Amino acid sequence: MVPDGSSIRHLIVVLGDQLDRDSAAFDRIDPSLDRIWMCEAKGEAEQTWSSKQRIALFLSAMRHFAAELRARGWPVDYHQTDGSLGDVLRSELERLRPTQVILVEPGEWRVRESLTAACRSVGIPFDERSDRHFLCSREAFAQHARRRKQLRLEYFYREMRVRHRVLMVDGEPAGGQWNFDHDNRESFPRSGPGPVPTPLRFEPDELTQAVIAEVNARYARHPGRIETFGWPVTAEQARQVLDDFIARRLPSFGRWQDAMWVGEPWLWHSHLAVALNLKLLAPATVIEAAEAAWLEGRAPIAAVEGFIRQVLGWREYVRGLYWMKMPGYLELNALQASEPLPPWYWSGDTPMRCLREAISDTLELGYAHHIQRLMVTGLYALLYGVDPKAVHGWYLSVYVDAVEWVELPNTLGMSQFADGGIMASKPYAATGKYIERMSNYCEGCRFRPDRRTGPDACPFTTLYWDFLIRHEDRFKTHPRMALQVKNLTRLSEAERQAIQQRAGEVRRTPGLGDA
Ligand code: FAD
Ligand code: SF4
């Protein structure tokens, strides 16, 4: 049995996004000397205005994990408190006085600061171990970055393929090329996507049901619906989601990666980010399963390469970037965007059909796929000029897979260009015509994607031209934006004024702007 507090050797801290059976935190654990420490800090859920599904996911998965650790015979101190993580840890350290705190690298800079500060303030040494869930350590990423003038995903991804011998044949990329993107990114025909495989969802067990009841009682005012909860909350369920994806969705992955369709939130995406980010599933396992499907002829190279690029490339890349750039990254605002987030982002109550669909999916399921996040909700905020921190707050709150190390570079960098081009080489700025091409959202919308002025002008299209006008000086010599900006020269002064006037109206109209 665990001795009383006075003789504890290691206090092993396990955070809500560290539910990893093979965590480095458990190396050399001695259950007769050490204790695992987990904490539901309710104050954290209230500080980030988390959606009901996101709160329920974390609480349920943490409680399942604690039960699993106890079943191994390991002592777990499980706390439920209203305070912040750092405060609770500090008072526990004062009480227990272990000889050392063991901690695997947290997923959020602020949490790392508060936990290490708690240890320092009580004078207990801490051993922060590298998170071997990831395939590229923070140090390896920093080394990669030091060798380059400019960071780009493609070079990093190739290095990762070579280093981990993924999709490599005799030292060459499988299929003779690194990237099969040109085979992907189709839109659906007018008849739509046809039958889409139903995703594997889980009936909440007793423990999850209790969590859902608790969330309904305590967080009733938080955004989103919880009745649809069906996410994996254990490693076994996560593995089932992976197997289901490999068998039923991977063969078509990528082909319609950028396509959107009313009433089809899941499409051929993997829905694995949730399990990966809680560490219920290791990226190495996911990559191995996808590669095996290709080797055994169960999925084509374009699909498998496209998927592996997301997991071995993007996911590792954004993590490296986050840790390299924090804490300053959070403060970046290259375009000096300062508008508040329109309030209907929390309800979906807008006549713009694309936004209504993307936000409804998000609030209903805690999920929307990448292009909905980047080219609908993200694009509108970019064009509108919303303060990037407010956009970040929204994404961190509403998605079940949101953890800051992955959410922040995607939101602030890729979608809002607030980092001035570190994450993306140019702003993802487009008119409503992009959305029309990639979806059926514009059918039945009261706006017209080809119009930039007038009462039926698509607000995306108006704000796109307004965006170019507002940032003309900045982008007119930009290697990847200059062509887009050059189109402004085709506008007469009267047209420019009409666009800016309409943009002003959009900003003042409830459901379009923040009025
Ligand atoms: P799939 O489309 O099936 O992709 C497979 C896997 O690749 C994902 O599960 C994910 O682990 C990884 N992946 C794909 N794209 C990215 C990317 N750009 N960055 C990092 N990993 C990637 N992803 C998160 O995991 N958490 C977030 O909080 C998050 N916030 C985002 C915010 C914005 C504004 C944008 C544009 C993207 C964000 N992403 C985030 C990236 C991406 O949209 C999600 O990973 C993806 O939509 C999750 O769904 P999926 O598991 O079905 O992914
Ligand atoms: Fe969205 Fe514009 Fe299309 Fe309406 S017309 S769905 S606002 S892109």
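Below is a summary of the structure that appears in this document. (Residues numbered from 1 in each chain as written. Chains lettered and ligands numbered in written order. Predicted model: local features only at pLDDT ≥ 70, side-chain atom pairs only at ≥ 80, totals over all residues. Heavy atoms only, no water.)

## A look at the site of ligand 1
Move 1: The full set close to ligand 1 counts 29 residues, and Ser270, His271, Asn277, Tyr367 and His370 are the nearest of them.
Move 2: Contact between ligand 1 and Asn277: an oxygen atom at 2.8 Å from a side-chain N or O atom of the residue.
Move 3: Here ligand 1 has 810 Å² of accessible area as a free molecule, and 99% of this is covered by the chains.
Move 4: Sorting the residues of the shell around ligand 1 by element identifies α9 (273-278), α11 (301-325), α13 (370-384) and α15 (404-415) as the ones contributing at least two each.
Move 5: Looking at the shell around ligand 1, its residues break down into 15 nonpolar, 10 polar and four charged. (Near = heavy atom within 4 Å. Polar contact = N/O pair within 3.5 Å; in protein donor to acceptor, adjacent residues only side chain to side chain. Areas by Shrake-Rupley, 256 points an atom, 1.4 Å probe, with all protein chains shown as cover. Helix = DSSP H or I, 4+ residues; strand = E, 2+ residues; numbered from the N terminus. Nonpolar A, V, L, I, M, F, W, Y, C, P; charged D, E, K, R; others polar.)

## Here we look at the pairing of strand β3 (residues 76-81)
Remember that side chains alternate between the two faces of the sheet whenever the strand is regular.
Move 1: Most of β3 sits out of view: five of its six residues are buried.
Move 2: In this structure, strand β2 (residues 35-41) lies alongside β3, joined through six bridges in parallel fashion. Across the sheet, Met38 pairs through a bridge with Tyr78, a residue of β3. (Buried < 20%, exposed > 50% of the residue type's maximum accessible area, 1.4 Å probe, protein only. Pairing = 2+ DSSP bridges.)

## What to know about the nonpolar core
Move 1: Within the largest apolar cluster, 152 residues are counted, with the highest numbers of intra-cluster contacts made by Met38, Tyr380 and Phe460.
Move 2: The dominant element in this core, judged by the number of residues it contributes, is α11, at 13 residues.
Move 3: The next biggest cluster of nonpolar side chains, apart from the first, holds 20 residues, and it includes Val13, Leu93, Leu103 and Ala118. (Core = buried A, V, L, I, M, F, W, Y, C linked by side-chain atoms within 4.5 Å.)

## Points about the site of ligand 2
Move 1: In the region of ligand 2, the neighbouring residues are Met352, Cys354, Gly432, Ile435, Tyr441, Cys442, Cys445, Phe447, Pro449, Cys458 and Phe460.
Move 2: Residues belonging to the shell around ligand 2 are distributed by class as follows: 10 nonpolar, one polar and no charged.

## Some thoughts on the environment of Asp82
Move 1: Position of Asp82 relative to the elements: it lies in the loop between β3 and α3 (85-96).
Move 2: Judged by its relative accessible area of 54%, Asp82 is exposed.
Move 3: Sequence-wise, Asp82 and Ile287 are 205 residues apart; in three dimensions their C-alpha atoms are separated by 39 Å.
Move 4: Here Asp82 is in contact with Lys42, Gly43 and Arg218, once residues within four sequence places are set aside.
Move 5: Among the polar contacts listed, one links the side chain of Asp82 to the side chain of Arg218, at a separation of 3.0 Å. (Contact = heavy atoms within 4.5 Å.)

## Things to note about the packing of helix α17 (residues 459-470) against helix α20 (residues 493-508)
Move 1: Contact pair α17 / α20: the axes reach a minimum separation of 9 Å and the direction vectors enclose 120 degrees. In terms of axis orientation, α17 runs oblique to α20. Both α17 and α20 take part in a crossing whose hand is left-handed. Contacts between α17 and α20 involve Pro459, Thr462, Leu463, Trp465, Asp466, Ile469 and Arg470 from the first element and Arg496, Ile499, Gln500, Arg502, Ala503, Val506 and Arg507 from the second.
Move 2: Residues that form the contact of α17 with α20 fall into these classes: seven nonpolar, two polar and five charged. (Axes fitted to C-alpha atoms, helices over the stretch in contact; angles between N-to-C directions. Parallel < 35°, antiparallel > 145°, perpendicular 65-115°, else oblique. Left-handed = near helix turned anticlockwise from the far one by under 90°.)

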